[in-house]
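Topology and contacts: notes
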Amino acid sequence: MSRIIRFGVALILGLAFLVTVTPAQAAPAHAADARTAAVRVLRYDASRAAEFRSAVDQAAQIWNSSAPNVRLVAGSPADFVVIADNGWPRAQPTSLGRGTVWMGRQATAEGHNPLRIAAHEIGHILGLPDRRTGRCTDLMSGASAGTSCTNPNPNAAERAEVQRNFAGFAPAIDFGRIYVDSPEHAASPS
């Protein structure tokens, strides 16, 4: 009888152990699958981006290749919207990955590159603030890099910051604030 009891206790303990271990089976078997499992998909609506639609779609692809844990896709319901207007480009992130981008025609009329503008403004939606370093290699330097700068790619630090933001770290941005990177605002870094 004691042998049956020991067997029963061993069986119950073994099953209890397996129940606590089985969540690991739900984890992806390969590292590449683990990265995919952590991807946050953000849908954007660029239907009101007018002539900037192509630049917005290209900027989304740049961010997709730059930040593996974020995937931007055109779709609805949208997490953020992109609108063309006649003002200066700006963004209002309302929370990480959500908000509004305005692709202002004033900057392109002055010679700024639409693709760089789109990637920069989406950077705000992804939690990046303006940095105004004046360096073309810094996407978030925005207009301070001048009209000759056409680089639409985030640098390594900017890519890493977006990765951290979507891994649960607090973004260095004020949600609800409108980020305007016009020459008039260049004197007061945000």
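Above this text sits the structure in question.
Residues numbered from 1 in each chain as written. Predicted model: local features only at pLDDT ≥ 70, side-chain atom pairs only at ≥ 80, totals over all residues. Heavy atoms only, no water.

Our focus in this paragraph is the overall build of the chain. If you tally the helices and strands in the chain, you get seven helices and six strands. Secondary structure elements in the chain, listed N-terminal to C-terminal, are α-α-α-β-α-β-β-β-β-α-α-α-β. Here the contacts in the chain between residues at least 6 apart in sequence split such that 63% fall between residues at least 24 apart. Of the roughly 9800 Å² of accessible surface on the chain, a fraction of 59% belongs to carbon and sulfur atoms. (Helix = DSSP H or I, 4+ residues; strand = E, 2+ residues; numbered from the N terminus. Contact = heavy atoms within 4.5 Å. Areas by Shrake-Rupley, 256 points an atom, 1.4 Å probe, with all protein chains shown as cover.)

With that settled, consider helix α6 (residues 114-125). For α6, spanning 12 residues, the distance from its first C-alpha to its last is 17 Å, which sits close to the expected 16 Å at 1.5 Å a residue. The N-cap residue of α6 is Asn113: its side-chain oxygen and the backbone nitrogen of Leu115 are 3.0 Å apart. Two residues or fewer after α6 comes Gly127, characterised by a positive phi angle close to 100°. (Expected span 1.5 Å × (residues − 1). Polar contact = N/O pair within 3.5 Å; in protein donor to acceptor, adjacent residues only side chain to side chain.)

This part is about the pattern of salt bridges. Scanning the entire structure with this criterion turns up eight salt bridges. Ionic pairing is found between Arg53 and Asp57, a salt bridge with its closest N-O pair at 3.2 Å. You can see Arg53 and its partner Asp57 sitting in helix α4 (residues 53-66), four residues apart, about one turn around the helix. Look at Asp57 and you get partly exposed, because its relative accessible area is 25%. One salt bridge connects Asp174 with Arg177, and the closest N-O pair in it is separated by 4.0 Å. (Salt bridge = Lys/Arg side-chain N within 4 Å of Asp/Glu carboxyl O. Buried < 20%, exposed > 50% of the residue type's maximum accessible area, 1.4 Å probe, protein only.)

One can find Asp85 in strand β3 (residues 80-85). Residue Asp85 is classed as buried on the basis of its relative accessible area of 16%. Only 2.4 Å separates the side chain of Asp85 from the side chain of Arg90, close enough to count as a polar contact. Excluding residues that lie within four positions of it along the chain, Asp85 makes contacts with Arg90, Trp102, Met103, Gly104 and Arg105.

This part covers the pairing of strand β1 (residues 40-48). Here five bridges tie β1 to strand β2 (residues 70-74), and the two strands are oriented parallel to one another. Bridging across to β2, Arg43 finds its partner in Val73. Since β1 and β2 lie parallel, the crossover through α4 that links them has a hand, and here it is right-handed. One ladder, built from three bridges, connects β1 with β3; its direction is parallel. Paired with Asp45 across the bridge in β3 is Val81. (Pairing = 2+ DSSP bridges. Right-handed = clockwise from strand over helix to strand, strands pointing away.)

What follows deals with the packing of aromatic side chains. Within the structure shown, the criterion is met by one aromatic pair. Ring centres of Tyr44 and Phe80 lie 5.8 Å apart, and the angle between their planes is 25°; on these two criteria the pair is classed as stacked. Here Tyr44 is found in strand β1, whereas its partner Phe80 is found in strand β3, with 36 residues between them in sequence. On the basis of relative accessible area, Tyr44 is assigned to the buried category, the value being 4%. Against the face of Tyr179 rests Arg177, its NZ or CZ located 4.6 Å from the ring centre. (Phe/Tyr/Trp six-rings, centres within 6.5 Å; stacked < 30°, edge-to-face > 60°. Lys NZ or Arg CZ within 6 Å of the ring centre and 35° of its normal.)

Counting 37 residues, the largest nonpolar core has Val56, Trp63, Leu72 and Leu126 as the members making the most contacts within it. For this core, the secondary-structure elements that each account for two or more residues are β1, α4, β2, β3, β5 (98-104) and α6. When residues no more than four places from it in sequence are discounted, the contact partners of Val56 are Tyr44, Ala46, Ala49, Val82, Met103, Ala118 and Ile122. (Core = buried A, V, L, I, M, F, W, Y, C linked by side-chain atoms within 4.5 Å.)

Let's shift gears to empty space enclosed by the protein. Space left empty within the atom packing is revealed by a probe, the size of a water molecule, rolled over the atoms. Counting across every chain of the model gives one cavity of 30 Å³ or more. Lining of the largest cavity is provided by 13 residues; of these, His112, Ile117, Gly142, Ala143 and Asp181 occupy positions nearest its centre. Considering every element that reaches the lining of the largest cavity, the biggest residue donor is α6, with four residues. Taken together, the residues that form the lining of the largest cavity break down as six nonpolar, four polar and three charged. (1 Å grid on protein atoms, 1.4 Å probe; cavity = no way out; pocket = protein on both sides within 12 Å on 5 of 7 lines; lining within 4 Å. Points joined across faces, edges and corners; volume = space filled by probe spheres on them. Nonpolar A, V, L, I, M, F, W, Y, C, P; charged D, E, K, R; others polar.)

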